[in-house]
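Here are the chains, one letter per residue:
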Amino acid sequence: MGAGRRIILGATSREADAFLALVARHGSPLLVFNPATLARQYHLLSEALPGVALYYAVKAHPNEYIVTTLDELGCGFDVASAGEMDMLMGLSIPGHRTIHTHPIKKDREIRDALRFGATTFVVDNPDELAKLAPYRDRIGILLRVSFRSAQATVDLSRKFGCDPDEVAGNITAAEQLGLHIKGLSFHVGSQCTHAGKHIEAIDQCRDLMLAISETSSAPMSTLDIGGGFPADYDLAGIDIGEFCAPIRKALAALPDDWHLLAEPGRYLVAPSVISITTVTGKSERQGVTWYYLDDGIYGSYSGQIFDHAVYPLQVLKTTETRRSVLAGPTCDSIDIIAENIQLPELEIGDLVIGHQMGAYTAATKTRFNSLPDARFVFVESTS
Ligand SMILES: Cc1ncc(COP(=O)(O)O)c(C=O)c1O
């Protein structure tokens, strides 16, 4: 993700006061959620993809404040497990506002989803179609197609999705089971650098859907274009309207009456959460200054392992820099957030801020060393 890590030295006095006040009030470490930033991202993506219904991929950050904010904005939800559905149910979000997108499910999960009120399911093979056959009168099915993407940081077509040339076979298998496939879905990979794969996938899905609709009594009319919309880990200023311009063009070539969906996670939520950690110890080791923080790779920074993300970091000082390491709080040597970085000399108690930390961060944290989670708090500022 990007060439290197962005390090911000210094902060405005307003920013610094806000960080310090948060820690004075709530302690450290923190994950600080700004609902206004999430609302801004939702509006920008909605404007960039007019006519596309957005379903937030809950897995990106399954947090009730985030989900509630998106619920109030009118967003739908993409769920992949009973646990995610339980959370939405607890927030009184009805199942009809969700789609279930995990291509592989136990029968128990299908029944749970139906009880919840979800009716759209994703499959990518005939065995999975057979599992849905008993519920044929109550469901709509999307067939997930694989479009491998070398440019995405996380290639989500490696594990799921049938090849485009397997679509016809799956449609036949569905017909034999008395099932109707209402459309196609894809996920070209998370953190795409450009929309090239989205375009290729939309164009191929259009051709496949039109060809199948010609010979079928029940035509396909739903296309789910997945996620992949990027977060700004380089702080370079991503213009999502520009990123999506070729996608809009490809979608404009589809029949007017098709139902279009997307499942964004990262783009919506990444910038709306920052991490605040505190230096709890320091040590000089072979000419390098090591700082030990109260959150790390086993906690909020777990996305550096699982998601390959490199989060921008900020310290409040601007004094002369030296070679430094930022390490997390556990006893494991893998628990290093950043090595070979230049930082001003920090003291115990100083803060380190991680930016763009809303997606695939807390979602993958562990309880290694029985350390407590970063506390999740929210701010009411506009941004
Ligand atoms: C099925 C599905 N939909 C949507 C998403 C969200 O993708 P992104 O965060 O790239 O928008 C994911 C991510 O893993 C996914 O697996």
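Residues numbered from 1 in each chain as written. Predicted model: local features only at pLDDT ≥ 70, side-chain atom pairs only at ≥ 80, totals over all residues. Heavy atoms only, no water.

On inspection of all chains with the given rule, the structure shows zero disulfides. Here Cys-192 stays unpaired: no disulfide links it, and the sulfur of Cys-244, its closest cysteine neighbor, is 10 Å away. On the basis of relative accessibility, which here comes to 0%, the residue Cys-244 falls in the buried class. (Disulfide = S-S within 2.5 Å. Buried < 20%, exposed > 50% of the residue type's maximum accessible area, 1.4 Å probe, protein only.)

Let us now look at the domain arrangement of the protein. Taken as a whole, the protein is organised into domain 1 (7–32 + 270–378) and domain 2 (36–269). If you average the C-alpha positions of domain 1 and of domain 2, the two centres end up 33 Å apart. If you look at the interface, domain 1 gives 20 residues, while domain 2 gives 22 residues. A combined buried area of about 1700 Å² lies between domain 1 and domain 2, and 64% of that area is made up of carbon and sulfur atoms. Applying the counting criterion to the domain 1 and domain 2 interface returns one salt bridge. Its salt-bridge partner being Arg-266, residue Asp-307 comes within 2.7 Å of it at the nearest N-O pair. Inspection of the domain 1/domain 2 interface yields six residue pairs in polar contact (both at pLDDT 80 or more). (Domains from an automatic or database assignment. Contact = heavy atoms within 4.5 Å. Buried area = accessible area lost by both parts, 1.4 Å probe. Salt bridge = Lys/Arg side-chain N within 4 Å of Asp/Glu carboxyl O. Polar contact = N/O pair within 3.5 Å; in protein donor to acceptor, adjacent residues only side chain to side chain.)

Among the 15 residues in the neighbourhood of the ligand, the closest are listed as His-187, Ser-190, Glu-263, Gly-265 and Tyr-360. In the environment of the ligand, a nitrogen atom lies 3.1 Å from a nitrogen or oxygen atom belonging to the side chain of Asp-78. One nitrogen or oxygen atom from the side chain of Glu-263 is found 2.5 Å from a nitrogen atom belonging to the ligand. Alone, the ligand offers 400 Å² of accessible surface; in the complex the protein occludes 92% of this. (Near = heavy atom within 4 Å. Areas by Shrake-Rupley, 256 points an atom, 1.4 Å probe, with all protein chains shown as cover.)

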